[in-house]
Amino acid sequence: MIKFYFSGAPNPMKVALFLEETGLEYEPIPVDTRKGDQFAPDFLKVNPNSKVPVIVDGDATVFDSNAILLYLGEKTGQFMPPAGDANRGDLLSWLMFVASGVGPFSGQCVHFRHFAPGSNEYSVTRYAFEAKRHYTLLDERLKGRSYMVGDTYTIIDMAVWGWARMIPFVLGEDAWASFPDLKRLVDEIEAKPAAQRALTIKDKFTFKAEMDDEARRNMFRHMATSAG
């Protein structure tokens, strides 16, 4: 059985969606990042980068949500174009686009918009611009097509969903108006029973809700380092 280390954040939810779509047997293992579980010695053995998600599948350990999607897609043969298919190049390209752009810029935008102390106008503007630019490219890609790659739902749509469903939190409540085709995809995925099950996995466990000083110390360790 796959061990799935997770929280309710966007990246773990991509993997939760895949697991629920395929019906793979898995054991969800909560990692409460606001309590600092990601720095526990046992967790660092599976991911020295102290991030979720991680899966342990027998002798294989895989971290980074996009790497996990690719691993599971290849393992199961589901939600992936077959080897040699022309769409495989597109899938890999867009998967890396999410990995290197959508996720990091969205995460930094959220940090400076909602959590960073003091005035960060330059940082908010920079990361909001880049996040919006990346979502605009996704929206343009979806014009005239149902899914990101080919004519079928794949791991890249799951990867996009993980972050795009958070657009109001990333860019503001009115931001969806700028991304109608992306919103269409997110709504379609959100309506899937597998997505609804994925989103409720966290409800089976107790996670710290407060973004208090303890949570900030654990999630933004650079603040404690710079203060020292």
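Please refer to the structure placed before this passage.
In short, a report on the structure.

Rules behind the numbers
Residues numbered from 1 in each chain as written. Predicted model: local features only at pLDDT ≥ 70, side-chain atom pairs only at ≥ 80, totals over all residues. Heavy atoms only, no water. Salt bridge = Lys/Arg side-chain N within 4 Å of Asp/Glu carboxyl O. Helix = DSSP H or I, 4+ residues; strand = E, 2+ residues; numbered from the N terminus. Buried < 20%, exposed > 50% of the residue type's maximum accessible area, 1.4 Å probe, protein only. Core = buried A, V, L, I, M, F, W, Y, C linked by side-chain atoms within 4.5 Å.

1. A few points about the pattern of salt bridges
Under the counting rule described, the total for this entry stands at 14 salt bridges. In this structure, the salt-bridge partner of Arg-197 is Glu-20, at a minimum N-O distance of 2.8 Å. Highlighted residues: Arg-197 in helix α9 (residues 193-200) and Glu-20 in helix α1 (residues 10-22), separated in sequence by 177 residues. Residue classification places Arg-197 among the partly exposed positions, given a relative accessible area of 39%. For Glu-20, a relative accessible area of 16% translates into the label buried. Measuring nitrogen to oxygen at the nearest pair gives 2.8 Å for the salt bridge that ties Asp-212 to Lys-208.

2. Comments concerning the nonpolar core
Within the largest apolar cluster, 64 residues are counted, with the highest numbers of intra-cluster contacts made by Tyr-135, Leu-138, Ile-156, Val-160, Leu-171 and Leu-182. Top contributing element to this core by residue count: helix α4 (residues 87-115), with 11 residues. Counting eight residues, the second largest nonpolar core, distinct from the first, contains Tyr-5, Ile-29, Val-31 and Val-56.

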